[in-house]
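Residue-level structural notes
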Amino acid sequence: MASAFRLQCHCILIFLAALKGETRYLEARGAGEDEPFLLLSADLKRELAGRQLYRRALRCIDMLSVEGQFTFTAEQPQLHCAAFFIGDPEELITIDYDFVNIDCQGGDFLKVFDGWILKGEKFPSSLDHPLPTSERYIDFCESGNIRRSIRSSQNVAMIFFRVHEPGNGFTFTIKKNANLFPCNVISQTPAGRFTMVIPHQHRNCSFSIIYPVVIKISDLILGHVNSLHLKVSCLFVS
């Protein structure tokens, strides 16, 4: 597979969990030290090693993978900011607003998106996500105290924010909750094994790996049709 196409796709695999069966996969092995995903910086890798709840300042462009309390305070007008949250495949992300001091009437905003948006592409896609796109955005300036706690539908979420006035900002707490049957997943590691089970559900599911890798699908079960057991084994090489 061409390198440019490989990097563009980042090995995104889309699976259809059909009928009443189970879908299971997959084993991924690192294929080298090609260009890593832009946002998975050394800061993120250090955060991945952390295991305790902690507090720190939030940057205008940030990536968080641990639980904790995070505070953003504008030192100057910050007009194009985003923070990306990621958990393990079997986790959901909960965002609790602790304190918000922004000027909604003056053009500030604070929005949560249920998923990620990267280069104009949404993850999970509109075809895979259980909610319509309009319901995946939660705008603090519109919902206010009504939605102080927001839970994602998969292991990733993000916020967009704009703060004009220096000194204004917000504080939120990130928590992770168990998800027994993850459907749409972004993997934050380039190697390992993952099994996905979708019991008795008619859903589109996806598993995205944000590194160039060699992928082996060791077991893929698509349920039963007319008493026939359907099973496919596949091998993908980047």
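The coordinates are above.
Residues numbered from 1 in each chain as written. Predicted model: local features only at pLDDT ≥ 70, side-chain atom pairs only at ≥ 80, totals over all residues. Heavy atoms only, no water.

Comments concerning the side chain of Asp62
Tracing the backbone through its elements, the reader meets Asp62 in strand 4 (residues 61-64). Within polar-contact distance, the side chain of Asp62 engages the side chain of Arg56 at 3.0 Å. Reaching out from Asp62, the side chain makes a polar contact with the side chain of Arg59 at a distance of 2.8 Å. What Asp62 contacts, discounting residues up to four positions off in sequence, is Arg56, Ala57, Ala82, Ala83 and Phe84. (Helix = DSSP H or I, 4+ residues; strand = E, 2+ residues; numbered from the N terminus. Polar contact = N/O pair within 3.5 Å; in protein donor to acceptor, adjacent residues only side chain to side chain. Contact = heavy atoms within 4.5 Å.)

A few points about the side chain of Asp139
Summarising the element assignment, Asp139 is placed in strand 11 (residues 137-139). Lys111 is the oppositely charged side chain nearest to the buried, salt-bridge-free Asp139, at an N-O distance of 4.1 Å. A polar side-chain atom of Asp139 sits 2.9 Å from the main-chain amide nitrogen of Cys141. (Buried < 20%, exposed > 50% of the residue type's maximum accessible area, 1.4 Å probe, protein only. Lys, Arg positive; Asp, Glu negative; His and termini not counted. Salt bridge = Lys/Arg side-chain N within 4 Å of Asp/Glu carboxyl O.)

A word on the packing of aromatic side chains
Going through the model one piece at a time under the given rule, you end up with 10 aromatic pairs. Put simply, the rings of Tyr54, Phe70, Phe72, Phe85, Phe161, Phe170 and Phe172 pair up and form one aromatic cluster. Here the guanidinium or amino end of Lys111 rests over the ring plane of Phe109, the centre of that ring lying 5.3 Å away. (Phe/Tyr/Trp six-rings, centres within 6.5 Å; stacked < 30°, edge-to-face > 60°. Lys NZ or Arg CZ within 6 Å of the ring centre and 35° of its normal.)

Remarks on the nonpolar core
By size, the foremost hydrophobic cluster in this structure holds 26 residues, and its most contacted members are Leu58, Phe85, Leu110, Ile159, Phe161, Phe170 and Phe172. When residues of this core are traced back to their parent elements, those giving at least two are strand 5 (68-73), strand 6 (78-86), strand 7 (91-101), strand 8 (109-113), strand 13 (156-163) and strand 14 (169-178). Discounting residues that sit within four places of it in the chain, Leu110 has contacts with Tyr97, Val100, Ile102, Ile138, Asp139, Phe140, Ile159, Phe160, Phe161 and Phe170. (Core = buried A, V, L, I, M, F, W, Y, C linked by side-chain atoms within 4.5 Å.)

Considerations on the sheet that holds strand 8
Note: strands within a sheet are paired through backbone hydrogen bonds, in either parallel or antiparallel orientation. Ordered in space as 4-6-13-8-11, the five strands form an open sheet in which the pairing is mixed. Of all the strands in the sheet, the pair left with one neighbour each is strand 4 and strand 11. Averaged over all pairs of adjacent strands, the angle between strand axes in this sheet comes to 15°, irrespective of strand direction. As paired elements, strand 6 and strand 13 share seven bridges and run antiparallel to each other. Counted as the bridge partner of Phe84 is Met158 from strand 13. (Pairing = 2+ DSSP bridges. Axes fitted to C-alpha atoms, helices over the stretch in contact; angles between N-to-C directions.)

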